[in-house]
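# Chain and residue survey
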8 protein chains.
Amino acid sequence: MNRQTAPLVGILMGSDSDLPVMSEAARTLEEFEVPYEIHIASAHRVPERVRRYATEASGRGLEVLIAGAGQAAHLAGVVAASTVLPVIGVPLSGGRGGVMGGIDALLATVQMPPGIPVATVAVDGARNAALLAVAILAVSRPERGLGQKLTRFREQMARSVDDRDAMLQELGFRGYLEQAGSGRS
Amino acid sequence: MNRQTAPLVGILMGSDSDLPVMSEAARTLEEFEVPYEIHIASAHRVPERVRRYATEASGRGLEVLIAGAGQAAHLAGVVAASTVLPVIGVPLSGGRGGVMGGIDALLATVQMPPGIPVATVAVDGARNAALLAVAILAVSRPERGLGQKLTRFREQMARSVDDRDAMLQELGFRGYLEQAGSGRS
Amino acid sequence: MNRQTAPLVGILMGSDSDLPVMSEAARTLEEFEVPYEIHIASAHRVPERVRRYATEASGRGLEVLIAGAGQAAHLAGVVAASTVLPVIGVPLSGGRGGVMGGIDALLATVQMPPGIPVATVAVDGARNAALLAVAILAVSRPERGLGQKLTRFREQMARSVDDRDAMLQELGFRGYLEQAGSGRS
Amino acid sequence: MNRQTAPLVGILMGSDSDLPVMSEAARTLEEFEVPYEIHIASAHRVPERVRRYATEASGRGLEVLIAGAGQAAHLAGVVAASTVLPVIGVPLSGGRGGVMGGIDALLATVQMPPGIPVATVAVDGARNAALLAVAILAVSRPERGLGQKLTRFREQMARSVDDRDAMLQELGFRGYLEQAGSGRS
Amino acid sequence: MNRQTAPLVGILMGSDSDLPVMSEAARTLEEFEVPYEIHIASAHRVPERVRRYATEASGRGLEVLIAGAGQAAHLAGVVAASTVLPVIGVPLSGGRGGVMGGIDALLATVQMPPGIPVATVAVDGARNAALLAVAILAVSRPERGLGQKLTRFREQMARSVDDRDAMLQELGFRGYLEQAGSGRS
Amino acid sequence: MNRQTAPLVGILMGSDSDLPVMSEAARTLEEFEVPYEIHIASAHRVPERVRRYATEASGRGLEVLIAGAGQAAHLAGVVAASTVLPVIGVPLSGGRGGVMGGIDALLATVQMPPGIPVATVAVDGARNAALLAVAILAVSRPERGLGQKLTRFREQMARSVDDRDAMLQELGFRGYLEQAGSGRS
Amino acid sequence: MNRQTAPLVGILMGSDSDLPVMSEAARTLEEFEVPYEIHIASAHRVPERVRRYATEASGRGLEVLIAGAGQAAHLAGVVAASTVLPVIGVPLSGGRGGVMGGIDALLATVQMPPGIPVATVAVDGARNAALLAVAILAVSRPERGLGQKLTRFREQMARSVDDRDAMLQELGFRGYLEQAGSGRS
Amino acid sequence: MNRQTAPLVGILMGSDSDLPVMSEAARTLEEFEVPYEIHIASAHRVPERVRRYATEASGRGLEVLIAGAGQAAHLAGVVAASTVLPVIGVPLSGGRGGVMGGIDALLATVQMPPGIPVATVAVDGARNAALLAVAILAVSRPERGLGQKLTRFREQMARSVDDRDAMLQELGFRGYLEQAGSGRS
């Protein structure tokens, strides 16, 4: 792989049942043309592979790692313990099947002891994890123009909010709610 | 070491600041004359040593592991991922310095995903962790008479409650509360 | 009953509405060929039967007890108070009908006072309760080869994770998510 | 004992460390001249005595039971399972030593399953438990005039609030706060 | 109304959306042939009627009041402030529409300040509220034989648990789960 | 715009997905004939527009602002930081899609530091936010007769509760529940 | 009393133990020269006086009410039920003596049902309650110049932050922390 | 300022009362010889300065921002809304004065909506915030050798744990606890 296509971000998740949420991180990195790799690798079921992955990540050219897990979510912390790369943790709620709304995963991810930080985002916040990775790479990889892309992304986001507000002014809330059935995001 | 003195229980804790609580487990095992070893070994700061310890524990003759940790308490789960021995987790509140009453450590210890259980006891419940270890060994080590010792321990505990109740009947609650300043436990 | 078929594990639950979750413990014990018995026995509705069951369990050859209950989940604690066998508690969320995601059952199960431990697993963690029982029996019943079975179980679990990861590498996340509708676990 | 002095209320607590809080129940019953008895009797350490106490309570002439316990507070539920008398539960926080502010004891006391109610009062609410017992006895024991006493108690409470308000009007809040160091309740 | 049919228990709820849950209290009182009345009366929307109802309840011959409310559930407390009768509070979760699983209603009901107790039952525990009322009336109304009825109710409940356990022994858990689709409760 | 029709209340929400809940505020203001405007304006996505809106609100004649947001709900606080008008915050649960029942939004809205208050209403309490705005305007805009309208609104609300209670008395709870399928609110 | 000195704000608290916190509201109103009155009046102990106070408040010229209470904090809701004036609720934690950090009081204050809003501020946020009252009066009482005073207050607050920042730049954090022992706020 | 000494990290906090915790971030950056600046700048009290600071940060050469705040902790989110630099949020508990153990600040910091991430660390985790900043800079500033420094830091941390464990083996837990009064960390 050359410098343009070798993955810069590694996305890990504890189970393939996490993929519907965690794939948002992959989609977001694609939007920003950031090469990434994505793996299923549980801290509890394949601890050796996780440890090896984390240990070798830096040498393989990865610059940021994203780890999503639910319940007693140890994945991000275990990864962080074996690398000095920035590690972003995504606490997962388990959706309707989860019983605690992800508060267990949030605390198990964010409350890391002094010495080994995990950069934690919101419960099920895989998209923000990717955006945070982009923000980190924007500094280290100026040649990729990620800072400008992020700025444009923010502007588009702002414009989208403004457009919706304009539509709300035009239609009124009753009209807007009627239309929303089809095309609201 | 011979069979009588080789440690059967391994006690781990993430930091020496956990020792005041976790030493209760050691004291309790001594009461039951169960040989043990006790180590400081953080899942995040010395992950390799923890993994190696867990991997080798069974071969070294250990039969139960106890792991105490606070905050995003991964220690018990990380140990459990590398051994098939029963692992008992003690969530630690961090005492007055802790900010969440140990609820973070409790959830991070108990909410293990299917496949890798951790036998979790109460927040700061190091004494109960040792008693649980004794109960497990009572079955596997009948020659040690731990079942009988546990039964006697329960009887003493019951008698102590009964004695206090008798004292309460004798002194009344006012008298009892006055005396309690000196000798209550 | 002979030594091979007499139950070693007793599974209790407070209500037959707990059976869909608690039957996972039974299924798991069957996977490991561990003989067990399973009973409906509420700590509040048939306290005498529960107490008698717990008191006689050891004499009947049982070596581990598993108790699942929801809400103010007292079953495991009540059982533990009348036996010195290891008692594993499964807090139950009550599924969609439950209103607190099982946090009430978790605290009522795990926060046992010093002297009477309950080995608590995750909310609705009946499968892990059985695996923990197997781990305990692995030490006391070497003739059953449970340690090896557990090791194989872990290896299979690891292989399953690895296989899914391989499939993810092959299909990409989009392909994987498409396939997952039919055969994901 | 004659009808006037035989205890009508039984106060139980799991440990003598609960006595500073639970003695408030006794003091309150004395204010109302309601005969009571008070016992230390843990649901986990002396389960047989607790069960026997609950089973025999009605036959011994007791009409209301009060049970205070902390952590996985099973005492009230265990008592309620063995009597049809009204059982009042007092969740105990454990004061500064407790790590969860009593939320564990509250949920373990109040979240009883259908069929076996526990009348739960506030965390550490031993005084209110006694007042609730008095309210229950006021109906069944009209000869004791407890209804009138409760009414007078309420009037005094109201007057005390009114008096403090009057004092606040007179002194202003600055003066009141200065005086409060000595005589505020 | 004569002594047999004049209502002894008053059931209040804050909104008619609470009726599906609170009607369980009415059904239960009917099972025990305890005359009752049931009213919709919000502490916030018709405070005067609630206050008057509470003030006059005792004079009208009511002996126990049950109040169910959700969210900032003030109803039970407001009623308790205007009567010395025992008041039982039922915190309501609001079912699927509620956003906090009833924890708001539980705390708002149970955490009453010293002086004015509310006998709180489990979230959505209307059936237990009625059973608690029956237990209270059993003492004051011996002529109704409520104590015996409660004892029989407990026996039936125990028998039902025993019957289900017997069926489980007969069918095994697989057979039981199959049958449960039609006739489980 | 003249004094009668120029908006007095500004309603903001962070996303158009909040409109189904927040439109209740608009509907309620229309009931009271209070002119308002309603905007989509995220504190994080269009911070400049939000700040400008807040800064200019008073000069444009607005007298109360209502801000609804979910998760880390900063909108109300950010608005309050840039105006001295009263700001009412509505924490949003996100409905079924939200994972924490709105407790995150509640704490992020209400726990403002000294100096910058936000008048917080219940989770998803958009209707109450509007009623609070009406109550505030009732004092400042006596010519609109809002105090009388609020009084009438309260009377209607009380009458509606009374009517339902009357219907419950007439139909009994069984009849009421049957009817409720069609016409209950 | 004339228009300048007749109280515009009524401050209520449930107990004189709330005065140390609630007096902050009084002090703040004095800073803004807003006439107020302050009363001890418990919703549970003197419900009639509270109701009468709320009912008559508007007629007596009060324009905003502030109510502070702890635990099952009903005071603000009870007041709000009997007036159409804006009611501001202050949930009180009870300081060190409280066992739940005020979360009980927060939920009991803020989670009001549709129809009767309470403008809730942070736990122990008495100062912000007063500032919110000032913001409300700023609109209705333009002759008092409260808007300008609030603007000045905000400017001073900003200046104070800026001054501290300047001091931090000058002293460095070590110097600042040393000085802070004496003069930090 | 030249490239070596111009600040790369900006540390913000909402109040000087946060300095004792947040200064840990500064100390940690000094350990790694990372130039930083540190400011007091409240999102609510000086919103304009915060916004300007965030907007200009990138142009001024800053590469990472750290923001610490308590209660409804909006600072990190507000900063993140005005920059595309990585923003690290430190939820602050407020120490003994705080009433919710920092759970309010945690949720208000971490639960950011899609589009604007905040990299959140543990409650009061200022040291980890700095370490995370160092990890981010390690990639973008290879000339500073931060990766090697982080590796050495981890090694020292591991060695320190190992040394303590060795001391524990030498002294036993009783000896260790005795010594710990003087020299434990």
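Being a predicted model, the structure only gives us computed values, none of them experimental.

### Brief notes about the side chain of A:Arg154
Along the polypeptide, A:Arg154 turns up in helix H6 (residues 146-183). Nearest to the buried, unbridged A:Arg154 among oppositely charged side chains is A:Glu155, at 10 Å. Among the polar contacts listed, one links the side chain of A:Arg154 to the backbone oxygen of H:Ala80, at a separation of 2.9 Å. Contact partners of A:Arg154, with chain neighbours within four places excluded, come to H:Ala80, H:Ala81, H:Ser82, H:Thr83, H:Val84, H:Gly115 and H:Ile116.

### Regarding the side chain of C:Arg51
Looking at the secondary structure, you find C:Arg51 in helix H2 (residues 47-57). In this structure the side chain of C:Arg51 is engaged in a polar contact, spanning 3.2 Å, whose partner is the side chain of C:Glu48.

### Some words on the interface of chain B and chain H
Facing 21 residues of chain B, the contacting portion of chain H comprises 22 residues. In total, about 1800 Å² of surface goes out of reach between chain B and chain H, with carbon and sulfur atoms giving 61% of it. Counting across the interface, chain B meets chain H through four salt bridges. Between H:Arg174 and B:Glu30 there is a salt bridge; the shortest N-O distance is 2.7 Å. Between chain B and chain H we count nine residue pairs in polar contact (both at pLDDT 80 or more) in total. Among the secondary structure elements, those contributing two or more residues to the side of chain B that touches chain H are helix H1 (19-31) and strand S2 (36-40) of chain B. In terms of residue count, H1(B) provides more of the side of chain B that touches chain H than any other element does, six residues in total. A breakdown of the residues in the side of chain B that touches chain H according to their chemical character gives ten nonpolar, five polar and six charged.

### Overview of the nonpolar core
Counting residues in each nonpolar core, the largest one holds 543 residues, and the members touching the most others are A:Val9, C:Val9, F:Val9, G:Val9 and H:Val9. Not counting residues within four places of it along the chain, the set of residues in contact with G:Val9 comprises G:Leu29, G:Val34, G:Pro35, G:Tyr36, G:Glu37, G:Leu62, G:Val64, G:Ile66, G:Ala133 and G:Leu137. Grouped together as the second largest cluster of nonpolar side chains are 40 residues, A:Leu107, D:Val110, E:Met100 and H:Leu106 included.

Here is what the cut-offs are and how they apply
Going along each chain's sequence as written, the residues are numbered from 1 onward. Ligands are numbered from 1 and chains lettered from A, in the order in which they are written. Per-residue local features are limited, in this predicted model, to residues with pLDDT of at least 70; the limit for side-chain atom pairs, both in listing and counting, is 80 or more; totals at the level of whole chains, interfaces and linings are taken over all residues. The side-chain values count all of the structure's non-hydrogen atoms but skip hydrogen atoms and water molecules. For the purposes of this entry, the term helix denotes a DSSP run of H or I that reaches at least four residues, the term strand denotes a run of E that reaches at least two, and both are numbered from the N terminus. Relative accessibility thresholds used throughout: buried, under 20% of the residue-type maximum; exposed, over 50%; partly exposed, between the two (1.4 Å probe, protein chains only). All tallies of charge rest on Lys and Arg as positive and Asp and Glu as negative; His and the ends of each chain are not included. For this document, the term salt bridge refers to a Lys or Arg side-chain nitrogen within 4 Å of an Asp or Glu carboxyl oxygen. Here a polar contact means two N or O atoms within 3.5 Å. Within protein one must be a hydrogen donor candidate and the other an acceptor candidate, and residues neighboring in sequence count only if both atoms are side-chain atoms. Here a residue-residue contact requires only that any non-hydrogen atoms of the pair lie within 4.5 Å. As used here, buried area is the combined drop in accessible area, with a 1.4 Å probe, of two parts when they are placed together. For this classification, Asp, Glu, Lys and Arg are treated as charged, while Ala, Val, Leu, Ile, Met, Phe, Trp, Tyr, Cys and Pro are nonpolar and the rest, including Gly, are polar. Residues enter a nonpolar core if they are buried and are Ala, Val, Leu, Ile, Met, Phe, Trp, Tyr or Cys, with the set joined through side-chain atoms within 4.5 Å.

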